[in-house]
Amino acid sequence: QAIGNALVSRVSPAVEAFSPDLIIISAGFDAHRNDPLGMGGLTAEDFGSVTSVICHMALKSCSGRVLSILEGGYGVPCCRTKTDL
């Protein structure tokens, strides 16, 4: 939730001021807490929260137009719970 709140308070005003025609999400999972490189601390719920906030921003600024591109992470199992690894 903290990352979603940061998007709302810090990024949303900039998006509204810019008024884009489209929002593009470069969605990589290397920030997931289970990624083998350990560079991030986000959970699956955090990724969902970020996506929800971005979609809400898109509804307000560009008629809901969002393009999400999946980049991946450095390990396929990064999005599984650690007990599944």
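Above: the structure in question.
Fair warning: this is a prediction, and the values are worked out from it, not measured in the lab.

Visitor: Any chance you could explain the packing of helix 1 (residues 2-18) against helix 2 (residues 44-61) here in plain terms?
Guide: A packed helix pair is summarised by two numbers, namely the angle formed by the two axes and the spacing between the axes. Where helix 1 meets helix 2, the axes come as close as 10 Å, and the angle between the chain directions of the two elements is 25°. In terms of axis orientation, helix 1 runs roughly parallel to helix 2. Read as a crossing pair, helix 1 and helix 2 show a hand that is right-handed. Residues I3, G4, L7, V8, V11, S12, V15 and E16 of helix 1 form the contact with helix 2, whose own contacting residues are D46, S49, V50, V53, M57, K60 and S61.

Visitor: Can you walk me through unusual backbone geometry in this structure?
Guide: Glycine aside, a negative phi is what most residues show, and trans is what most peptide bonds show. Positive phi values are uncommon outside glycine, yet S19 reaches one of about 55°. Relative to the elements of secondary structure, S19 occurs in the loop between helix 1 and strand 1 (23-28). The partly exposed category is assigned to S19, whose relative accessible area is 45%. The phi dihedral of S63 is positive, around 55°, even though this residue is not glycine.

Visitor: Please clarify how helix 2 should be interpreted in this entry.
Guide: Each α-helix winds once per 3.6 residues, and so residues spaced three or four apart point in a common direction. For helix 2, built from 18 residues, the straight-helix expectation of 26 Å at 1.5 Å per residue is met to within 8% by its first-to-last C-alpha distance of 26 Å. By the burial criterion, the buried members of helix 2 are D46, F47, S49, V50, V53, I54, M57, A58 and S61. A positive backbone phi angle near 55° is found at S63, which sits one or two residues after helix 2.

Calculation criteria
- Here the residue index of a chain counts from 1 through its sequence in written order.
- Under the rules for a predicted model, residues below a pLDDT of 70 receive no local features and side-chain atom pairs below 80 are neither given nor counted, while totals for whole chains, interfaces and linings still include all residues.
- Values reported for side chains reflect all heavy atoms of the structure, with hydrogen atoms and water molecules removed beforehand.
- Every axis in this analysis is a line fitted to C-alpha atoms, fitted for helices over the stretch in contact. Angles between the N-to-C directions lie between 0 and 180 degrees.
- Starting at the N terminus, helices and strands are each numbered in turn, a helix being any DSSP run of H or I of at least four residues and a strand any DSSP run of E of at least two.
- Angle categories: roughly parallel below 35 degrees, roughly antiparallel above 145, roughly perpendicular from 65 to 115, and oblique for all the rest.
- Note on convention: near helix rotated counterclockwise from far helix by under a right angle means a left-handed crossing. Clockwise means right-handed.
- Residue contacts follow a heavy-atom distance rule, with two residues in contact if any of their heavy atoms lie within 4.5 Å.
- Burial classification: accessible surface area is computed with a 1.4 Å probe over protein chains only, and a residue below 20% of its type maximum counts as buried, one above 50% as exposed, and the rest as partly exposed.
- Expected helix span is computed as 1.5 Å times (number of residues minus one).

Note that every value here comes from positions in space, so none of it alone points to a role or purpose.
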